[in-house]
Amino acid sequence: MTTFLAPLAGGALIGTAAALLLLVNGRIAGISGIVGGLLGSSGREAGWRVAFLVGLLLGPVLFRLAAGHGPDVRLGAPLDAFWPVLVIAGLLVGYGTRLGSGCTSGHGVCGLARLSPRSFAAVATFMATAMITVFLVRHGVAR
């Protein structure tokens, strides 16, 4: 019965952080945009970006301290077998965020909340691609 509380709290925190960033700084909480903007920013502009990213990195650490454990992660193969796939996937995600003018957090969390037509199209594309990928992997077509 309580298994829904952690995801509910996480979603509420993500929504609150996105809303506060928009209200206080007038910025969209898209992670790729925050990281990309950090590369060429300075002063106050860099400050909020660094603070946001530090908060993202400290979140799991604080969760582990509060809960006494982290999430149960299971991999289907040894981690060293995943490194090439993770690197390629990371590069493809980076390319996709540039191509799509934003990432899943920017379009999915903030764009949909603002009723952005571009974000609706982007999220529909993300979801369709994910569904097709899962279908192909689970049914052995991609093996």
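Residues numbered from 1 in each chain as written. Predicted model: local features only at pLDDT ≥ 70, side-chain atom pairs only at ≥ 80, totals over all residues. Heavy atoms only, no water.

A. Representation of helix 5 (residues 104–113) within the structure. When helix 5 is considered as a whole, its buried residues turn out to be S105, G106, H107, C110 and G111. For helix 5, the elements touching its buried residues are helix 1 (5–25), helix 2 (31–38) and helix 6 (117–138). Positive backbone phi, approximately 60°, marks L115, located one or two places after helix 5. (Buried < 20%, exposed > 50% of the residue type's maximum accessible area, 1.4 Å probe, protein only. Helix = DSSP H or I, 4+ residues; strand = E, 2+ residues; numbered from the N terminus. Contact = heavy atoms within 4.5 Å.)

B. Just the domain arrangement of the chain, in detail. Once the domains are mapped, the chain shows domain 1 (1–72) and domain 2 (75–142). Distance between the C-alpha centres of domain 1 and domain 2: 19 Å. On the domain 2 side, the residues contacting the nine residues of domain 1 number nine residues. Here domain 1 meets domain 2 over a buried area of about 560 Å², counting both sides, of which 75% is carbon and sulfur. Along the contact surface separating domain 1 from domain 2 lie zero salt bridges. Between the two partners, domain 1 and domain 2, sit one residue pair in polar contact (both at pLDDT 80 or more). Mapped by element, the contributors of at least two residues to the side of domain 1 that touches domain 2 are helix 1 and helix 2. Looking at the side of domain 1 that touches domain 2 residue by residue, the classes come out as six nonpolar, three polar and no charged. (Domains from an automatic or database assignment. Buried area = accessible area lost by both parts, 1.4 Å probe. Salt bridge = Lys/Arg side-chain N within 4 Å of Asp/Glu carboxyl O. Polar contact = N/O pair within 3.5 Å; in protein donor to acceptor, adjacent residues only side chain to side chain. Nonpolar A, V, L, I, M, F, W, Y, C, P; charged D, E, K, R; others polar.)

C. Up close: the packing of helix 2 against helix 3 (residues 43–67). With their axes 9 Å apart at the nearest point, helix 2 and helix 3 run at an angle of 130° to one another. Relative to helix 3, the element helix 2 lies oblique. Taken as a pair, helix 2 and helix 3 cross one another with a handedness that is left-handed. Together, I31, G33, I34, V35, G37 and L38 of helix 2 and A46, W48, R49, V50, F52, L53 and L56 of helix 3 make up the contact between the two elements. Taken together, the residues that form the contact of helix 2 with helix 3 break down as 10 nonpolar, two polar and one charged. (Axes fitted to C-alpha atoms, helices over the stretch in contact; angles between N-to-C directions. Parallel < 35°, antiparallel > 145°, perpendicular 65-115°, else oblique. Left-handed = near helix turned anticlockwise from the far one by under 90°.)

D. Representation of the side chain of H107 in the model. Structurally, H107 can be placed in helix 5. Overall, H107 belongs to the buried group, its relative accessible area being 4%. Within the local environment of H107, its side chain forms a polar contact with the backbone oxygen of S101, the two atoms lying 3.5 Å apart. Setting aside chain neighbours within four positions, we find H107 in contact with G100, S101, G102, L112, R118, S119, A122, V123 and F126.

E. Highlighting the nonpolar core. Of all hydrophobic cores here, the largest spans eight residues; its members are A18, L21, A29, I34, W48, F52, L53 and C110. Among the elements of the structure, helix 1 and helix 3 are those that each provide at least two residues to this core. With three residues, the single largest contributor to this core is helix 3. The residues contacting F52, other than those within four sequence positions of it, are L21, A29, I31 and I34. (Core = buried A, V, L, I, M, F, W, Y, C linked by side-chain atoms within 4.5 Å.)

F. Molecular detail of unusual backbone geometry. Unusually for a residue other than glycine, L115 sits at a positive phi of about 60°. Tracing the backbone shows L115 in the loop between helix 5 and helix 6. According to the relative accessible area criterion, L115 is exposed, its value standing at 62%.

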